[in-house]
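Coordinate inspection notes
Here are the chains, one letter per residue:
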Amino acid sequence: MERTKWYKDKVFYQIWPRSFKDGDGDGMGDLHGVYEKLDYIQSLGCDGIWFSPLYPSPGADCGYDIADYMDIAPEFGGMEAFKKVLDGAHQRGMKIIMDLVVNHTSDEHEWFQKSRQRIDPYTDYYIWRPAKKNGKLPNNWDSLFEGKAWTYDEVRGEYYMHLFAIKQPDLNMDNPLVREEVKKILKFWLDLGVDGFREDVITFISKTEGLPDDHIMPASKGLNLYNHGPHIHEYLTEFRKDVLDHYDCVTLAEAPMVNPKTALTYIQEGPDQEIDMMIQFQTQCADSFLSDYYPMKFSLKKLKKAFTNWQKKLDGRGWNMLYMENHDHPRIISRYGSEKFWKESGKMLAVSYLFQKGTPFVYQGQEIGMLNWRPESPDMYEDVQTKWEYANHATRKSDKKRLQRLWRCSRDSARTLVQWDDSPNAGFTTSDTPWFYVNQNYKDINVAQQEEDPDSILNFYRKAIALRRKLSCVRDGNYIEHFKGSKKLYCYSRQNGFQRILVVCSFSDKPVRFKEPRDFPVDTARLELCNYENPNPKKLQPYETRVYLWR
Ligand code: GLC
């Protein structure tokens, strides 16, 4: 079957189901709610949906701990509701991709329950090891969420590896039976009609043989011994050849710490291509050192370098996935923009990435400029990583400081209820007790209000996405960055044989002098998009953005 690469013309919307929309009034977001909102998603100009996990799960990591890969959780409406959404999406010309989480399962998955009892064929489905002779853990690796990467299981009398939470044991992908299970899962959903997968931390699935101690990494020990491990390309190729190649589907791989050079070993176009697109983290690190929990001052220079690096290095060789937000990071306006210049910076950030080459993703709530959440108590957080960080980091600091760190770093900021209107709980649910909190600002920031306002962030996203679709140079033109040294402006042009655009983004909260780049006489161009009325040719207002078009 020929893979048509349809994803190159799509704009995706990411749904994190628990907080998107509750359709049956039980306080939990669900597929009934999604069905109600399909027209809304389409009205944004989005024609693809990535669902964060919808499968049955005890919820230790909000669904990224899966207990059954071949079903839809009852709280989301079960299989029937899913099929209705799938059909509804397809009728609208929208594609659906599922989250495939196979680095680990839930410890409540039947495979793990049998594996811990050494019931075949499940005995070696997971990574089990006895303690070292001196009684120490099997190796010195850290988990990314909850302390060391090993937990002792009384039933089996051995340790199991978990690179994430304690309730997320890692699968042993070196076992061919486990790879057969993965292929069954892929086939199951593709046969049901889904259009592809976002593959969760897929670059972690092959661990270095012998699981040696890590003597290099000071933090997150083991990362360099399991990220892009020895058999990763072999396993991904196996999945592709045995299953994915038989469907016109897409794969999007989450890849922590990946750079363009390594990404190309997976996504370089050609007969050996393993994956279609990668979720890189470099554009998320302009205000942190590698992870959100090591915050730094926002650096436009770092952001521009990351944007341009990916645009340049993948050009003509691989396809970019473009995003500003997802369920794993705090909200982007609160980080790279300005809450004071909320509307201006929200629009500018949209333009900063939507006109790059690649397939853009918009995360729920991003299109209305949702902001970080600042609860009054650390007990209000739900996320397993956030709880661990609070309990274990900087315990010498005052409680207030520790809480403020969560305001800045926790991914729960991206997980508060979507703000649909100004009724109680922001119109997310009719229940009095939603599963999670709503950001206090919902009366000022919500969909209903922004639908009415032609100048809203929401309507700006619609315009920007529609413009993107109209311009062939955005799909296939070159990319040139201008004013590289500027600490205030991010500016790029895109050009093909028919047309060219110049994109201007000010990241400054003060006015900035503007002089067009050479060869871009803006007085001969049409200003297609701007977030201020009557823009001044020589000056940009705070967080001003412009898209000029020449044909
Ligand atoms: C990925 C997911 C994240 C999850 C983790 C473990 O990074 O995006 O939400 O917690 O993997 O599955």
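Everything discussed here concerns the structure shown above.
Residues numbered from 1 in each chain as written. Predicted model: local features only at pLDDT ≥ 70, side-chain atom pairs only at ≥ 80, totals over all residues. Heavy atoms only, no water.

1. Here's the deal with helix 3 (residues 78–91)
Compared with the 20 Å implied by 1.5 Å per residue over 14 residues, the 20 Å span of helix 3 between its first and last C-alpha is a close match. Within helix 3, burial applies to G78, M79, A81, F82, V85, L86, G88 and A89. As for helix 3, its buried residues are in contact with helix 1 (31–36), helix 2 (38–43), strand 2 (48–51), strand 3 (95–100) and helix 5 (176–192). Downstream of helix 3 by one or two residues, G93 has phi in the positive range, about 75°. (Helix = DSSP H or I, 4+ residues; strand = E, 2+ residues; numbered from the N terminus. Expected span 1.5 Å × (residues − 1). Buried < 20%, exposed > 50% of the residue type's maximum accessible area, 1.4 Å probe, protein only. Contact = heavy atoms within 4.5 Å.)

2. Here's the deal with the site of the ligand
Contacts to the ligand come from 14 residues, most closely from D61, H104, D200, E254 and D328. At 2.9 Å from an oxygen atom of the ligand is found a side-chain nitrogen or oxygen belonging to R198. H327 places a polar side-chain atom, nitrogen or oxygen, 2.9 Å from an oxygen atom of the ligand. If the ligand stood free it would expose 300 Å²; the protein chains cover 96% of that surface. (Near = heavy atom within 4 Å. Polar contact = N/O pair within 3.5 Å; in protein donor to acceptor, adjacent residues only side chain to side chain. Areas by Shrake-Rupley, 256 points an atom, 1.4 Å probe, with all protein chains shown as cover.)

3. Topic: the nonpolar core
Ranked by internal contacts, the top residues of the largest apolar core, which has 152 residues, are L31, F51, F82, M98, W189 and F355. Contacts of F355, omitting those with residues within four sequence positions, involve A464, L467, R468, L471, V474, Y492, R494, I501, V503, L529 and V547. Judged by nonpolar contacts, the second largest core, of 17 residues, contains M161, L163, A165 and L223. (Core = buried A, V, L, I, M, F, W, Y, C linked by side-chain atoms within 4.5 Å.)

4. Description of the pairing of strand 5 (residues 150–153)
Here strand 5 runs beside strand 6 (residues 158–161); their pairing, made up of 4 bridges, is antiparallel. Looking at the pairing, W150 lines up with M161 of strand 6. Hairpin connection of strand 5 to strand 6: 4 residues between the antiparallel strands, including G157 at a positive phi of 75°. (Pairing = 2+ DSSP bridges.)

5. Focus: the sheet that holds strand 5
The strand order 4-6-5 describes an open sheet built from 3 strands, whose pairing is antiparallel. Of all the strands in the sheet, just strand 4 (128–129) and strand 5 have a single pairing partner and so form its edges.

6. Description of the packing of aromatic side chains
Applying the stated rule across the entire model yields 37 aromatic pairs. On the numbers, 6.1 Å between centres and 70° between planes, the contact of W50 with F361 is edge-to-face. Separated by 311 residues along the polypeptide, W50 in strand 2 and F361 in strand 13 (residues 359–363) bring together distant segments of the chain. On the accessibility criterion, W50 (1% relative accessible area) is buried. Overall, F361 belongs to the buried group, its relative accessible area being 2%. Seen in terms of ring centroids, F112 and W128 are 5.4 Å apart; in terms of plane orientation they differ by 20°. Their pairing is stacked. With F112 in helix 4 (residues 110–115) and W128 in strand 4, the pair connects residues that are 16 residues apart, well separated along the chain. Residue classification places F112 among the buried positions, given a relative accessible area of 1%. Members of the aromatic cluster, connected to one another through ring pairs, are F51, Y55, Y69, F82, W111, Y122, Y125, F188 and W189. Sitting over the ring of Y35, K84 keeps its end group 4.3 Å from the ring centre. (Phe/Tyr/Trp six-rings, centres within 6.5 Å; stacked < 30°, edge-to-face > 60°. Lys NZ or Arg CZ within 6 Å of the ring centre and 35° of its normal.)

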